[in-house]
Amino acid sequence: MTSISENPTRADELRDRLQRVRNRIAAAERPAGAAEPHLIVVTKYFPASDVGILAGLGVRDVGENKDQEAAAKAADLAHLDLDWHFIGQLQSNKAKSVVRYAASVHSVDRRSLVTALGKAMAAEQRRRESEGLAPRGDLSCFLQVDLRDDAARAADPGRGGALPEDLPLLAETVAATPGLLLSGLMAVAPLGADAGEAFARLRELSGQLQAQHPGARSISAGMSSDLEAALAHGATHLRIGSDVLGPRPPVR
């Protein structure tokens, strides 16, 4: 494990930033009886050494957006007890790679991706069996929902997320696929919209999902700028990047 003393300046910075975020979470209002949320630290574009430092500070949930970067970090840090969360848009041809390291995918937004993940999970279990390895657990799947209005979708149609009306069929597809576990919903508050209103809608959709799939209770919502609004509306998983890690390093 990376020792915090190996890079005291960066370690001190991460410790202070992480504590500030934890303080915000502790001070935020949450629904009565809500459990402590999972803090997923999003480390895209930051080195594996930062993840090692964070692990030494008690972080266990790590989020990544790009498969190539995530796979490399997961391999480098395989000795650490970490849960890797894939949170970016996922191409179906990357499913086979993602299931090798990810505990969950937060961006399931179409049936073709569900099919690809199901096939990838079956292949991964066969690989593990042939190599004498223990089978992996089911892949936790969050359905990503697009909370934007029609005008915003028309202006930028390339963003990920299923339409709210498409969630029931998507949920049934996940629930019926061996190796996949339907965990709940994920969403990003639309740009320029009131985050509280967006997450209230997400909580409403979560209630509808749970009526048909009682185990799908998780809500992945909230980033650095709006974690309080997300927690107020029942978020169980927060995806926090810049407030823990600082400004994104230059991409080369």
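Residues numbered from 1 in each chain as written. Predicted model: local features only at pLDDT ≥ 70, side-chain atom pairs only at ≥ 80, totals over all residues. Heavy atoms only, no water.

S.K.: Sorry, what's going on with the overall build of the chain here?
M.R.: Counting secondary structure elements, the chain contains 10 helices and 8 strands. A compact globule built from 252 residues should have a C-alpha radius of gyration of about 18 Å, and the chain, at 18 Å, falls within 12% of that. Overall size of the chain, expressed as C-alpha extent along the three principal axes, is 50 × 50 × 40 Å. Sorting the 252 residues of the chain into buried and exposed places 50% on the buried side. For the chain, long-range pairs separated by at least 24 residues make up 60% of all intrachain contacts whose partners lie at least 6 apart in sequence. Surface accessibility of the chain: about 12300 Å² in total, with carbon and sulfur atoms responsible for 50%. (Helix = DSSP H or I, 4+ residues; strand = E, 2+ residues; numbered from the N terminus. Rg over C-alpha atoms; globule rule 2.2 N^0.38 Å. Buried < 20%, exposed > 50% of the residue type's maximum accessible area, 1.4 Å probe, protein only. Contact = heavy atoms within 4.5 Å. Areas by Shrake-Rupley, 256 points an atom, 1.4 Å probe, with all protein chains shown as cover.)

S.K.: Would you mind showing me how to read helix 7 (residues 167–175) here?
M.R.: A turn of α-helix holds 3.6 residues, and therefore any two residues three or four places apart point the same way. Taken together, the buried positions of helix 7 are occupied by Leu167, Leu170, Ala171, Thr173 and Val174. For helix 7, the angular spread of the buried residues around the axis is 160 degrees, confining them to a single face. (Arc of directions from axis to C-beta.)

S.K.: Help me understand helix 5 (residues 111–130) in this model?
M.R.: The end-to-end C-alpha distance of helix 5 is 29 Å, a good match for the 28 Å that 20 residues give at a rise of 1.5 Å each. All of the buried residues in helix 5 are Leu113, Val114, Ala116, Leu117, Gly118, Ala120, Met121, Glu124, Arg127 and Arg128. Tucked into the core, helix 5 has its buried residues touching helix 4 (95–98), strand 4 (102–108), strand 5 (139–144), helix 7 and strand 6 (180–186). Looking one or two residues past helix 5, glycine 132 carries a phi angle of roughly 75 degrees, positive in sign. (Expected span 1.5 Å × (residues − 1).)

S.K.: Is there a simple way to think about the pairing of strand 2 (residues 61–64) in this case?
M.R.: Each regular strand carries side chains that alternate between the two faces of the sheet. Neither face of strand 2 is exposed, since Asp61 and Gly63 on one face and Val62 and Glu64 on the opposite face are all buried. Note: strand 1 (residues 38–42) against strand 2, 3 bridges, orientation parallel. In the strand pairing of strand 2, valine 41 is matched with valine 62. Crossover handedness for the path strand 1 to helix 2 (residues 48–56) to strand 2: right-handed. The pairing of strand 2 with strand 3 (residues 83–86) spans 4 bridges and is parallel. When the bridges of strand 3 are listed, glutamate 64 appears paired with phenylalanine 86. The β-α-β motif built from strand 2, the intervening helix 3 (residues 67–76) and the parallel element strand 3 has right-handed crossover chirality. (Pairing = 2+ DSSP bridges. Right-handed = clockwise from strand over helix to strand, strands pointing away.)

S.K.: Quick question: what am I supposed to make of the confidence of the model for the chain here?
M.R.: Detailed reading of the predicted model is not advised wherever pLDDT is low. Residues at a pLDDT of 70 or more form 96% of the chain, whose mean pLDDT is 94. Within the model, the stretch residues 1–5 combines pLDDT values under 50 with 11 contacts to residues more than four positions away or in other chains. (pLDDT = per-residue confidence, 0-100.)

S.K.: Explanation requested: the pairing of strand 6 in the structure shown.
M.R.: Of all 7 residues in strand 6, 6 are buried, a share of seventy percent or more. The pairing of strand 5 with strand 6 spans 6 bridges and is parallel. Paired with serine 140 across the two strands is leucine 181, which belongs to strand 6. Direction of pairing for strand 6 relative to strand 7 (residues 218–220): parallel, over a ladder of 3 bridges. Considered in strand 7, the bridge of methionine 186 is made with serine 220. Assessed by its sense of winding, the connection that carries the chain from strand 6 through helix 8 (residues 195–212) to strand 7 is right-handed.

S.K.: Where do I start with the environment of serine 104 in this structure?
M.R.: Along the polypeptide, serine 104 turns up in strand 4. Between the C-alpha atom of serine 104 and that of glycine 234, which follows or precedes it by 130 residues, the distance is 19 Å. Discounting residues that sit within four places of it in the chain, serine 104 has contacts with Trp84, His85, Phe86, Leu139, Ser140 and Phe142. There is a polar contact of 2.7 Å between the side chain of serine 104 and the side chain of histidine 85. (Polar contact = N/O pair within 3.5 Å; in protein donor to acceptor, adjacent residues only side chain to side chain.)

S.K.: Just checking my understanding: could you explain the side chain of serine 224 for this structure?
M.R.: By the secondary structure assignment, serine 224 is in the loop between strand 7 and helix 9 (227–232). Reaching out from serine 224, the side chain makes a polar contact with the backbone nitrogen of aspartate 243 at a distance of 3.2 Å.

S.K.: Please explain the environment of arginine 20 as it appears in this structure.
M.R.: Relative to the helices and strands, arginine 20 is located in helix 1 (residues 8–27). Among the residues examined, arginine 20 registers a relative accessible area of 48% and is labelled partly exposed. Expressed as a C-alpha distance, the spacing of arginine 20 and valine 244, which sit 224 residues apart in the sequence, is 8.3 Å.

S.K.: Honestly, the side chain of arginine 128 in this entry has me stumped. Any pointers?
M.R.: Its location among the elements puts arginine 128 in helix 5. Assessed through its relative accessible area of 18%, arginine 128 is described here as buried. Residue contacts for arginine 128: discarding those within four places in its chain leaves Arg100, Leu133, Ala134, Pro135 and Arg136.

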